[in-house]
Amino acid sequence: MPEAALPAPPLGLLEALRSARRPLVLTGAGMSAESGIATFRGGEDSLWSRFDPTQLATADAFDADPALVWAWYRWRMAKLRMSQPHAGHAALAALARLRPGLVLATQNVDDLHERAGGRGVLHLHGEIAATRCRRCDRPQAIEIDPAWAERPQLRAAPPACAVCGGPLRPGVVWFGESPPARALRAAIGAAQVADLVLVVGTSGLVYPAAGLPAAAPASVPRYEINPEPSALSAAMDGLWRAQAGVALPRLVELLAQ
Ligand SMILES: [Zn+2]
């Protein structure tokens, strides 16, 4: 099937970006989906597809059956490690170099922004590979084995903490947990002084991240890049119904002209 032609950017976006000094960019699952990473809420044919992710991604689920929950996360960690950032990730990193005041906040738990050259990314839902002890909370890195993705197992005991022997947990924010306080504070602060808000590939359903565009002053222009309508679309000044991996490079290209 031929690729749909890229529509022109929404009116005013390029001008807003030209004059912006402190743009806030918020990315969501759609951004990672273009790298082949299934959105958290989307179904996927896997060992765990009969489980409801909202039932696996909780502290209670982990405590009740650590091996089941850990095996799911290590499978996802390995799949993320094998995926690659796309042109949209690289374009955002380029945009940050053109606009050093840009703040990038993401709901994604992967490191695709960083691997494309992004710096200082605010991870509002944590980072999956930033493993730490469930008992004593000390961070402890692990080696990610590609076999976890290639030959997944439904259960695997989590590695033991080197200090207290407690089980290691993924660095994500589980349902019922608070977002990392420092990242959230920084993102809200960036929204409050932003002169442009750009929302990319987020459903706009998960708070507090989804509340960031509203935290910017009312006069600040807000734009969305998303092939699908989102819960934030109605609050935007302009919508660009396009893939991030196509639209963002185009935006950087137009900015350079
Ligand atoms: Zn420990």
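Our subject in this report is the structure included herewith. (Residues numbered from 1 in each chain as written. Predicted model: local features only at pLDDT ≥ 70, side-chain atom pairs only at ≥ 80, totals over all residues. Heavy atoms only, no water.)

### Digging into the packing of aromatic side chains
Rule in force here: Note on aromatic pairs: the rings of Phe, Tyr and Trp (six-membered ring only in Trp) are paired at centre separations within 6.5 Å, and the planes decide the class, stacked below 30 degrees, edge-to-face beyond 60, tilted for the rest. Exposed residues in this analysis have more than 50% of their type's maximum accessible area, buried residues have under 20%, and partly exposed residues fall in between, with area computed by a 1.4 Å probe over protein chains only. Runs of E in the DSSP output that reach at least two residues are strands. Runs of H or I that reach at least four are helices, and both are numbered from the N terminus. Whether a charge sits over a ring comes down to the Lys NZ or Arg CZ being within 6 Å of the ring centre and within 35 degrees of the ring normal.
In the structure shown here, the tally under the stated rule is four aromatic pairs. Consider the rings of Trp 72 and Tyr 73, whose centres lie 4.8 Å apart with planes at 65°: the pair is edge-to-face. Tyr 73 matches Trp 72 in its accessibility class, with the two residues each being buried. For the pair Tyr 73 and Trp 174, a centre-to-centre distance of 6.3 Å together with 55° between the ring planes defines the contact as tilted. Here the residue Tyr 73 occupies a position in helix α5 (residues 66-82), and Trp 174 occupies one in the loop between β5 (168-169) and α9 (181-192), the gap between them amounting to 101 residues. In this structure, Tyr 73 and Trp 174 share a single accessibility class: buried. Residue placement shows Arg 76 over the ring face of Trp 72; its charged tip is 4.8 Å from the ring centre. Note that Arg 169 overlies the ring of Trp 174, its terminal NZ or CZ placed 3.8 Å from the centroid.

### Structural notes on the sheet that holds strand β7 (residues 222-225)
Inclusion rule: Only strands that DSSP links by at least two bridges are regarded as paired with each other.
With respect to topology, six strands assemble into an open sheet ordered β3-β2-β1-β6-β7-β8, the strand pairing being parallel. Each of the sheet's edge strands pairs with one partner strand only, and the pair in question is β3 (122-123) and β8 (238-240). Bridge analysis of strand β2 (residues 103-106) against β3 gives two bridges, and the strand direction is parallel. In the sheet register, Thr 106 faces β3, and the bridge partner there is His 123.

### Structural notes on the coordination of the zinc ion
Put simply, the test is: Only nitrogen, oxygen and sulfur atoms within 2.8 Å of the metal, or 3.2 Å for Na, K and Ca, are treated as donors, and water is left out, so sites may look incomplete. Here a site with four donors is tetrahedral if all angles are between 85 and 135 degrees, and a site with four or six donors is square planar or octahedral if opposite donors are over 155 degrees apart and the other angles are between 65 and 115; anything else gets the irregular label.
Within the protein, Cys 133 (SG), Cys 136 (SG), Cys 161 (SG) and Cys 164 (SG) serve as the donor atoms for the zinc ion, at 2.3 to 2.4 Å. What the four donor atoms of the zinc ion show is an angle range of 98 to 119° at the metal, which sorts the shape as tetrahedral. The sequence pattern describing where the donors of the zinc ion fall on their chain is C-x2-C-x24-C-x2-C. With Cys 133 in strand β4 (residues 132-133) and Cys 164 in the loop between α8 (147-150) and β5, this residue pair connects regions lying 31 residues apart in the sequence.

### Considerations on the environment of Ser 35
Here is the rule we go by: Should any heavy atoms of two residues lie within 4.5 Å, those residues are counted as being in contact.
Within the secondary structure, Ser 35 sits in the loop between α2 (29-33) and α3 (53-56). Residue Ser 35 is classed as buried on the basis of its relative accessible area, which comes to 14%. Residues Ser 35 and Leu 80, 45 residues apart in the sequence, show an inter-C-alpha distance of 9.1 Å. Ser 35 has contacts with Ser 83, Gln 84, Pro 85, His 86, His 89 and Leu 112, leaving out every residue within four places of it along the chain.

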